[in-house]
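Remarks on the overall topology
Given next are the chains, with one letter for each unit.
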Amino acid sequence: MEIVSNLKDRNLIVKITGDIDHHSSGEIRDKVEKDFSRENAKNILFDFSNVSFMDSSGIGMIIGRYKHIEQLGGKVFACCIRDDIKRIFMISGLHKLINMYSSIDEALNNF
């Protein structure tokens, strides 16, 4: 698993490669929180283009980031979601909390 983040106009873009499961969700959470604070970001955009699997731990990690960022006045978005991961968003109700976009540019244009 790999987590790469960069900042664009106070938007932390987090690209995850690999699985988001009980083994990796804590590491992702810790890195996102650290980078979000260090970069003084306002919003988070998760890039799911290279995510191959996500379980309930991943759902919990995303909901946790959503609650934390919302309390700070920011928003969490997701983009480039493969159909199998999008299905998890729909079944879990994540799509009601987090706007989904087809590309990074589309998401950034809607912040």
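Scroll up a little and you will see the structure.
Residues numbered from 1 in each chain as written. Predicted model: local features only at pLDDT ≥ 70, side-chain atom pairs only at ≥ 80, totals over all residues. Heavy atoms only, no water.

A word on the pairing of strand β4 (residues 76-79)
Here is the rule we go by: Each residue gets one of three labels from its accessible area relative to the maximum for its type: buried under 20%, exposed over 50%, partly exposed in between, using a 1.4 Å probe on protein chains only. Secondary structure is summarised from DSSP: a helix means a run of H or I of at least four residues, a strand means a run of E of at least two, and numbering begins at the N terminus for each. In this description, strands pair whenever DSSP reports at least two bridges between them. Looking down the strands as they point away from the viewer, one classifies a crossover as right-handed if the path from the first strand across the helix to the second runs clockwise.
Neither face of β4 is open: one carries Val-76 and Ala-78, the other Phe-77 and Cys-79, and all of them are buried. Here strand β3 (residues 43-54) pairs with β4 via four bridges, running parallel. Among the inter-strand pairings, Ile-44 is bridged to a residue of β4, identified as Val-76. Read from β3 through helix α2 (residues 56-71) to β4, the crossover connection turns out right-handed.

Some points on α2
Formally: One fewer than the residue count of a helix, multiplied by 1.5 Å, yields its expected span. Arc, as used here, means the arc of the directions from the helix axis to the C-beta atoms. We define a polar contact as two N or O atoms separated by no more than 3.5 Å, with the added condition that, inside protein, one atom must be a possible hydrogen donor and the other a possible acceptor, whereas residues neighbouring each other in sequence contribute only through side-chain atom pairs.
In this model, α2 (16 residues) spans 23 Å end to end at C-alpha, consistent with the 22 Å of a helix rising 1.5 Å per residue. Within the sequence span of α2, burial applies to Gly-58, Ile-59, Met-61, Ile-62, Arg-65, Tyr-66 and Ile-69. Within α2, the buried residues cover an arc of 160° as seen down the axis, which keeps them to one side. The exposed set on the far side of α2, more than 90 degrees from its buried face, consists of Ser-56, Lys-67 and Gln-71. Among the residues of α2, the N-terminal cap falls to Asp-55, whose side-chain oxygen and the backbone nitrogen of Ser-57 are separated by 2.9 Å. Directly after α2, the chain includes Gly-73, whose backbone phi takes a positive value near 90°.

Concerning the packing of aromatic side chains
For clarity, the threshold we go by: Pairing of aromatic rings covers Phe, Tyr and Trp, the last counted by its six-membered ring, and requires centre-to-centre distances within 6.5 Å; plane angles under 30 degrees mean stacked, over 60 mean edge-to-face, and any other angle means tilted.
As enumerated under the stated definition, the model contains three aromatic pairs in all. With a centroid separation of 6.2 Å and 50° between ring planes, the pair formed by Phe-46 and Phe-48 is classed as tilted. Residue class for Phe-46 comes out buried when judged on its relative accessible area of 1%. When its relative accessible area of 1% is taken as the criterion, Phe-48 is described as buried. Where Phe-48 meets Phe-89, the ring centres are 5.4 Å apart and the plane angle is 90°; that geometry is what we call edge-to-face.

What to know about unusual backbone geometry
The residue Asp-9 is not glycine, and still its phi comes out positive at about 55°. Turning to its location among the elements, Asp-9 is positioned in the loop between β1 (2-8) and β2 (11-20). For Asp-9, a relative accessible area of 68% corresponds to the exposed category. One non-glycine residue with positive phi stands out, namely Asn-40, at about 55°.

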